[in-house]
Amino acid sequence: MKKTLYGIPNCDTVKKARTWLAEHEQAFDFHDFKKQGLERATVAAWLDQIDWEVLVNRKGTTWRKLPDERRAAIVDKASALELMLEQPSVIKRPVLAGAGKLSVGFSDDQYRQIFSL
């Protein structure tokens, strides 16, 4: 299965993941979800594998800029799905698909485990 790294190109964590993958000769496609968007089916599939509270980045600027009532309305998988489709930048980045279990975020150790290096 082809590996796909989802994120936005100017995110520092996404940059680190892309660099790591290239340096370790791991072929992957990059999907810029700000420019290319996200399909409902893709995000729904992520939510079947990863808890919505992991995928929604509550430490990020996008989350903090949401009105209090909007943040308070994110209480389950369905409400998180709608928010992520409306505001993809609220998704914790990067999301790596196609390398076994779906992975969110990046660290050298995490990727070494994923790719058995």
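Residues numbered from 1 in each chain as written. Predicted model: local features only at pLDDT ≥ 70, side-chain atom pairs only at ≥ 80, totals over all residues. Heavy atoms only, no water.

The name an unreviewed UniProt entry assigns to the chain is ArsC family reductase, from the organism Massilia antarctica. Quoted verbatim from the Sequence similarities (unreviewed entry) field of the UniProt record, the comment on the chain reads "Belongs to the ArsC family." (UniProt positions renumbered as here; feature names shortened; annotations may be inferred.)

Visitor: Would you mind going over the environment of Asn10 with me for this structure?
Guide: Mapped onto the secondary structure, Asn10 falls in the loop between strand 1 (4-7) and helix 1 (12-23). The sequence separation of Asn10 and Asp32 amounts to 22 residues, and the corresponding C-alpha distance is 9.9 Å. (Helix = DSSP H or I, 4+ residues; strand = E, 2+ residues; numbered from the N terminus.)

Visitor: For this particular structure, what's the right way to read the side chain of Arg93?
Guide: Structurally, Arg93 is set in the loop between helix 6 (77-86) and strand 3 (95-97). With no salt bridge to any partner, buried Arg93 finds its closest opposite charge in Asp32, at an N-O distance of 8.8 Å. Sequence-distant contacts of Arg93, that is, excluding residues within four places in its chain, are made with Gly7, Ile8, Cys11, Thr13, Val14, Phe33 and Gly105. (Buried < 20%, exposed > 50% of the residue type's maximum accessible area, 1.4 Å probe, protein only. Lys, Arg positive; Asp, Glu negative; His and termini not counted. Salt bridge = Lys/Arg side-chain N within 4 Å of Asp/Glu carboxyl O. Contact = heavy atoms within 4.5 Å.)

Visitor: How should the side chain of Lys3 be read in this particular structure?
Guide: As for its placement among the helices and strands, Lys3 is situated in the segment before strand 1. No salt bridge is formed by the buried Lys3, whose closest oppositely charged neighbour, Asp29, lies at an N-O distance of 9.8 Å.

Visitor: Would you take a moment to explain the nonpolar core for this structure?
Guide: Soluble, globular proteins show a tendency: their nonpolar side chains are buried together. Ranked by internal contacts, the top residues of the largest apolar core, which has 35 residues, are Trp46, Leu55, Met84, Ile91, Val95 and Tyr111. When near neighbours in sequence (up to four residues on either side) are disregarded, Val95 contacts Thr4, Leu5, Tyr6, Trp46, Leu55, Leu102, Ser103 and Val104. (Core = buried A, V, L, I, M, F, W, Y, C linked by side-chain atoms within 4.5 Å.)

Visitor: For this particular structure, what's the right way to read the pattern of salt bridges?
Guide: Counted according to the given criterion, the structure contains 5 salt bridges. Residues Asp48 and Lys77 are paired through a salt bridge, measuring 3.1 Å at the closest nitrogen-oxygen approach. You can see Asp48 sitting in helix 2 (residues 40-49) and its partner Lys77 sitting in helix 6, a full 29 residues away along the chain. Two residues, Arg71 and Asp68, come together in a salt bridge whose shortest N-O distance is 2.3 Å. Residue Arg71 and its partner Asp68 are both found in helix 5 (residues 68-72); the two are separated by 3 residues, about one turn of the helix. Overall, the relative accessible area of 52% leaves Asp68 in the exposed class.

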